[in-house]
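So the chains spell out like this:
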Amino acid sequence: MSVSTVTKEQFKQFVSALVDSDQSVIGIQAKDDKFAFGELNNADDLRLDYDVSILPPKKYVLPQKETLLSFEVGGDSQTVQNTAPAVLIGVHPYDMIAINQMDELFRQGEYDSHYMNRRNNLTIIACDVVTPSKNVFASSMNTTTAESGFDIMLTDIGDAYVVEAATEKGEALVKQMPGAVEATPDAVSKRNAAREKNETALDQHKLDCKPAFLPKLLEKAYEHPIWEEKARLCYSCGSCNQVCPTCYCFDVQDEVEWDMKSGCRYRAWDGCLLQNFATVAGNHNFRQKRADRFRHRLYRKGKYVPGKIDGEIACVGCGRCITACTSKIANPVEIYNALMTETEIG
Ligand code: SF4
Ligand code: SF4
């Protein structure tokens with residue numbers, strides 16, 4: 001596939017034309033002193049120099065609340081599918097890798113058509129990181145660059161972007177970019193230098209082992225006192241789950257209208273740190289203790305999900321949980337490093 005360059009002004013013209021078209025365009029924008037993904041109404045609002053978004057872009061493939069089917073009480077039901085195309089602009093490589101992991105998880109076993117329809121209708125314009133966020137540790141997790149999942153990857157090289165098209169959809173979009181020309185060797189080497197810099201610059205926390213070692217480390221750490229120690233300060237607020245690009249658990253509920261004739265089934269984000277997450281019929285909660293819930297999150301990231309997706313660690317080092325946790329206990333690196341020094345395997 002092609003590698004081109006466009007000036008920033010030309011790229012803005014391209015985004016303006018997208019915004020004026022009839023498809024939905026979602027872009028990263030400033031929100032007070034932070035950044036958030038939202039419907040883009042003006043190309044000037046796009047901020048590809050952002051550090052990190054408050055919520056990850058996964059909400060466009062797995063929305064916070066989503067209707068799955070509608071039904072008549074005692075009658076028929078119909079699946080509700082979202083097939084509206086959308087363009088998502090500004091996904092960082094670590095968030096792209098998180099979406100790639102979810103693609104794999106929602107494809108395997110029971111194919112999740114609700115997730116996959118949204119995903120297949122989404123065009124992703126990703127971008128390499130320009131400004132490291134205060135808690136990012138993608139350097140440790142090998143997630144500073146992404147190789148797949150996006151249609152286009154942009155790299156800021158000063159007054160222009162290097163534009164790598166990775167799919168047919170991406171190629172078609174590049175053709176719509178005014179003034180796009182084949183990238184010169186100089187532009188490509190500037191892009192490579194920017195990526196090389198990110199390999200070491202996105203490192204606010206340093207993991208003391210290779211990510212691939214985490215499943216083995218956790219095998220020995222189930223009874224470690226760290227889970228109790230940390231969980232003593234845990235509010236069970238679930239913020240670490242809600243901001244995480246790789247958390248994908250949801251709750252399913254039926255809602256009947258006031259007329260008692262019709263209703264809908266929806267799913268909404270859930271979180272394993274919330275007290276009732278593991279409550280089942282009969283009001284039994286198989287992770288009643290805070291320490292059990294706290295441990296479960298770290299095991300999901302470092303052991304259970306990797307077991308489902310070829311050993312890939314389900315923490316991409318975005319650092320959002322570190323920022324979101326009021327108690328300052330959610331940092332995965334701090335926990336894994338402590339286990340490294342205190343377990344016999346470390
Ligand atoms: S954000 Fe912190 S306090 Fe809240 S559930 Fe997660 S670990 Fe506990
Ligand atoms: S566990 Fe924390 S740092 Fe890792 S992907 Fe989730 S929010 Fe980001």
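Note that this is a predicted model, so its numbers are computed, not measured.

Asker: What should I look at first to understand the pairing of strand β1 (residues 3-7) in this one?
Answerer: Residues in a regular strand point their side chains to alternate faces of the sheet. Two strands pair when backbone bridges link them, and β1 and strand β9 (residues 160-165) are joined in this way by five bridges, in the antiparallel orientation. In the strand pairing of β9, serine 4 is matched with valine 163. In this structure, β1 lies alongside strand β10 (residues 181-182), joined through two bridges in antiparallel fashion. Bridge pairing in β10 places serine 4 opposite glutamate 182.

Asker: When you look at the pattern of salt bridges in this model, what are you seeing that I'm missing?
Answerer: Close approach of charged atoms lets side chains of opposite charge pair. Applying the stated criterion to the full structure yields 20 salt bridges. In this structure, the salt-bridge partner of aspartate 292 is arginine 295, at a minimum N-O distance of 3.2 Å. Placement of the pair is aspartate 292 and arginine 295 together in helix α10 (residues 290-304), with a separation of three residues, close to one helical turn. Looking at aspartate 292, the relative accessible area reads 22%, which means it is partly exposed. On the basis of relative accessible area, arginine 295 is assigned to the buried category, the value being 10%. It is possible to trace a salt-bridge network through shared partners that takes in Glu66, Asp112, Arg118 and Arg267.

Asker: Can you walk me through the packing of aromatic side chains in this structure?
Answerer: The description of an aromatic ring pair uses the distance of the two centres, along with the angle that the planes make with each other. Applying the stated criterion to the full structure yields ten aromatic pairs. For the ring pair phenylalanine 11 and phenylalanine 14, a centre distance of 5.6 Å and an interplane angle of 40° mean the geometry is tilted. A residue pair is termed a helical-turn pair when its members lie 3 or 4 positions apart in one helix, as phenylalanine 11 and phenylalanine 14 do in helix α1 (residues 8-20) at three residues. Comparing phenylalanine 11 with phenylalanine 14, the two get one shared label, buried. Note on phenylalanine 37 and tyrosine 50: the rings are 6.2 Å apart at their centroids and 80° apart in plane angle, and the pair reads as edge-to-face. In this pair, phenylalanine 37 is assigned in strand β3 (residues 34-39) and tyrosine 50 in the loop between β3 and β4 (65-72), connecting sequence segments 13 residues apart. We classify phenylalanine 37 as buried; its relative accessible area is 4%. On the basis of relative accessibility, which here comes to 0%, the residue tyrosine 50 falls in the buried class. Linked through ring pairs, Tyr222, Trp227, Phe294, Tyr299 and Tyr304 together constitute an aromatic cluster. Across from the ring centre of tyrosine 161, 5.5 Å away, lies the NZ or CZ of lysine 8, which sits over that ring. Cation over ring: arginine 267 sits above phenylalanine 250, and NZ or CZ is 4.6 Å from the ring centre.

Asker: Which parts of the structure should I look at to understand the site of ligand 1?
Answerer: Taken together, Cys234, Tyr235, Ser236, Cys237, Gly238, Ser239, Cys240, Leu273, Phe294, Cys325 and Ile329 make up the full set of residues near ligand 1. Tallied by class, residues from the shell around ligand 1 come to eight nonpolar, three polar and no charged.

Asker: Is there a simple way to explain the domain arrangement of the protein in this structure?
Answerer: Interface size, as often reported, equals the accessible area lost upon joining of the parts. Examined at the domain level, the protein breaks down into domain 1 (3-201) and domain 2 (211-342). Between the C-alpha centres of domain 1 and domain 2 there is a distance of 25 Å. Taken together, the contact pairs 43 residues of domain 1 with 40 residues of domain 2. Here domain 1 packs against domain 2, burying approximately 3400 Å² in sum over the two surfaces, 62% of which is carbon and sulfur. Ranking the residues of domain 1 by area buried against domain 2 places Phe71, Gln101 and Phe137 at the top, with a combined share of 19%.

Asker: Looking at this structure, I do not really get the nonpolar core. What am I missing?
Answerer: Among soluble globular proteins, nonpolar side chains are generally buried collectively. Core analysis: the biggest nonpolar cluster contains 61 residues, and Phe11, Val15, Leu48, Ile89, Ile124 and Leu154 have the highest contact counts within it. For this core, the element with the most residues is helix α2 (residues 93-107), which contributes eight residues. If you count residues domain by domain, this core takes at least three from each of domain 1 (3-201) and domain 2 (211-342). Those residues in contact with phenylalanine 11, other than ones at most four positions away along the chain, are Val6, Leu46, Leu48, Leu154, Tyr161 and Met177. Leu218, Cys321, Cys325 and Tyr336 belong to the second-largest nonpolar core, a separate cluster that totals 32 residues.

Asker: Looking at this structure, I do not really get the sheet that holds β4. What am I missing?
Answerer: Hydrogen bonding along the main chain pairs the strands of a sheet, whether they run parallel or antiparallel. Strand order in this open sheet of four strands is β5-β4-β12-β11, and the pairing throughout is antiparallel. Two strands bound the open sheet, and with one partner strand each, they are β5 (77-79) and β11 (250-256). Going from strand to strand, the sheet's axes swing by 25° on average, the running direction of each strand aside. In this sheet, strand β12 (residues 262-269) lies alongside β11 in antiparallel orientation, the contact comprising seven bridges. Within β12, the position partnered with aspartate 251 by the bridge is alanine 268. Sitting on the sheet, helix α3 (residues 113-120) touches β4, β5 and β12, and the angle it makes with β4 is about 125°.

Asker: Any chance you could explain the packing of α2 against α3 here in plain terms?
Answerer: The interhelical angle for the contact between α2 and α3, taken along N-to-C directions, is 140°, at an axis separation of 9 Å. Taken together, the axis directions place α2 and α3 in an arrangement best described as oblique. In terms of crossing hand, the pair formed by α2 and α3 is left-handed. On the side of α2, the interface is formed by Met96, Ile99, Asn100, Met102, Asp103, Phe106 and Arg107, while α3 contributes Tyr115, Met116 and Arg119. Its residues placed into classes, the contact of α2 with α3 shows six nonpolar, one polar and three charged.

Conventions and cut-offs
- Residues numbered from 1 in each chain as written.
- Chains lettered and ligands numbered in written order.
- Predicted model: local features only at pLDDT ≥ 70, side-chain atom pairs only at ≥ 80, totals over all residues.
- Heavy atoms only, no water.
- Pairing = 2+ DSSP bridges.
- Helix = DSSP H or I, 4+ residues; strand = E, 2+ residues; numbered from the N terminus.
- Salt bridge = Lys/Arg side-chain N within 4 Å of Asp/Glu carboxyl O.
- Buried < 20%, exposed > 50% of the residue type's maximum accessible area, 1.4 Å probe, protein only.
- Phe/Tyr/Trp six-rings, centres within 6.5 Å; stacked < 30°, edge-to-face > 60°.
- Lys NZ or Arg CZ within 6 Å of the ring centre and 35° of its normal.
- Near = heavy atom within 4 Å.
- Nonpolar A, V, L, I, M, F, W, Y, C, P; charged D, E, K, R; others polar.
- Domains from an automatic or database assignment.
- Contact = heavy atoms within 4.5 Å.
- Buried area = accessible area lost by both parts, 1.4 Å probe.
- Core = buried A, V, L, I, M, F, W, Y, C linked by side-chain atoms within 4.5 Å.
- Axes fitted to C-alpha atoms, helices over the stretch in contact; angles between N-to-C directions.
- Parallel < 35°, antiparallel > 145°, perpendicular 65-115°, else oblique.
- Left-handed = near helix turned anticlockwise from the far one by under 90°.

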